[in-house]
Amino acid sequence: MPEEQSFPIGIYNKAPYICSPMRKMRLFSVYLALLVMILMTSCSKFRKIQKSADWKEKYDAALVYYEDEDYYRAGVLLEEILPIIRGTKEAEKANFLHAYTYYYQKQYLLSANYFKNFSVVYSRSEFAEEAAYMNAYSLYLQSPDSNLDQTSTYDAITEFQNFINNHPHGEYTDKVNDIMDEMQQKLEIKAFDNAKQYHKLRRYEAALIAFKNFAKEFPDSKLKEEALFLSVDTQYSYAKASIDFKQKERYSKAVEIYEELIDKYPNSEFLKRAESMYSDSLNEIRKLTAKK
């Protein structure tokens, strides 16, 4: 029988490999040194390309960086050569990819701007439709939550509408319609919350205007019933807080809004609460009339 051999732990046998803290530190140092060396080499190569007077070398390098998803370096090189290659066959692709470098870096306002410029300058390009879509889509990604300013949302809706007008049967049509619905819902919630906030702050006139505008802008909203009830509540509270000679007119308006609510939503979940305000408004109107 051959003599049994002994092997170091962690190499050939099934025992777990034990790495000491000191060894881990040495390995980490080696990995860090290699990473630094790679980064330094990469930076040195990039700086060398930047200093080159050959735009074609920069263009080719930008394409490689782009394919490697190094969008920052690709964008820097493309930006340097765009003024030089204007009018060449490479200019179209360079401008298109340049817009995408900003998009992939999540600089959406810049990408929107460059995509829009591309779709105008290269309107006959095979990429023109995609660029027009990406212009609007970049603005959509810039659109904030419903509780914040919605300027970007309105801008995105305008650009998407322009896109649909120009490409009614394009490959992005279904996506655009879905996104438009989503943004309309965001604006709807924003408008409703604004009106509610006026109501909460007892800014009754502003709240009434806001609820009225909400009903006009979003006639099919699921929140319209609640908005109408809150209009009754607002008008009733406004009348109560008013000076005597204004109360009758304002209670009468509360009655009018209540009648609109019961007419449109006869089974409304808000009816019981609204009826109390309606009855009180009628009583106050009778008292005020009797005083005269």
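Conventions and cut-offs
- Residue numbers here run from 1 along each chain, matching the order of that chain's written sequence.
- For this predicted model, a pLDDT threshold of at least 70 governs which residues receive local features, and a threshold of 80 or more governs which side-chain atom pairs are given and counted, while totals over whole chains, interfaces and linings are taken from all residues.
- Side-chain descriptors were evaluated using all non-hydrogen atoms of the structure, hydrogens and water having been removed beforehand.
- Under the scheme used here, helices are H or I runs from DSSP no shorter than 4 residues and strands are E runs no shorter than 2 residues, and both carry numbers assigned from the N terminus.
- An expected span of 1.5 Å times one less than the residue number is assigned to each helix.
- Relative accessibility thresholds used throughout: buried, under 20% of the residue-type maximum; exposed, over 50%; partly exposed, between the two (1.4 Å probe, protein chains only).
- What the arc measures is the spread of directions leading from the helix axis to the C-beta atoms.
- Contacts: residue pairs with any heavy atoms within 4.5 Å of one another.
- Per-residue confidence from the predictor is given as pLDDT, running between 0 and 100.
- Note on definitions: salt bridges are taken to be side-chain nitrogens of Lys or Arg within 4 Å of carboxyl oxygens of Asp or Glu.

**Things to note about helix α12 (residues 271-291)**
Each α-helix winds once per 3.6 residues, and so residues spaced three or four apart point in a common direction. Taking 1.5 Å of rise per residue, 21 residues should cover 30 Å, and α12 covers 30 Å from first to last C-alpha, within 8% of that figure. Buried within α12 we find Leu271, Ala274, Met277, Ser281, Glu284, Ile285 and Leu288. When α12 is viewed along its axis, its buried side chains cluster within an angular range of 145° and face the same direction. Opposite the buried face of α12, by more than 90 degrees, sit the exposed residues Lys272, Arg286, Lys287 and Ala290. Where α12 is buried, its residues contact α10 (224-240) and α11 (244-264).

**Quick word on the confidence of the model for the protein**
Parts of the prediction with low pLDDT should not have their coordinates interpreted in detail. The share of residues in the protein with pLDDT of 70 or more is 85%, and the mean pLDDT across the chain is 87. Within the protein, helix α1 (residues 21-51) has the poorest average pLDDT of any element, 62, and helix α4 (residues 89-104) the best, 97. In the model, residues 1-17 has pLDDT below 50 throughout and makes eight contacts with residues more than four positions away in sequence or in other chains. Low pLDDT, under 50, characterises residues 35-39; the stretch is placed with zero contacts to residues that sit more than four places away or in other chains.

**Overview of the pattern of salt bridges**
In a structure, side chains of opposite charge can pair up when their charged atoms sit close to one another. On inspection of all chains with the given rule, the structure shows seven salt bridges. Between Lys58 and Glu80 there is a salt bridge; the shortest N-O distance is 2.9 Å. One end of the pair, Lys58, is in helix α2 (residues 55-67); the other, Glu80, is in helix α3 (residues 71-85), with 22 residues separating them in the sequence. Look at Lys58 and you get buried, because its relative accessible area is 10%. Between Lys264 and Glu260 there is a salt bridge whose closest N-O contact spans 3.0 Å. In this pair, Lys264 and Glu260 are both assigned in helix α11, four residues apart and thus about one turn of the helix distant. Residue Lys264 is classed as partly exposed on the basis of its relative accessible area of 42%. For Glu260, a relative accessible area of 34% translates into the label partly exposed.

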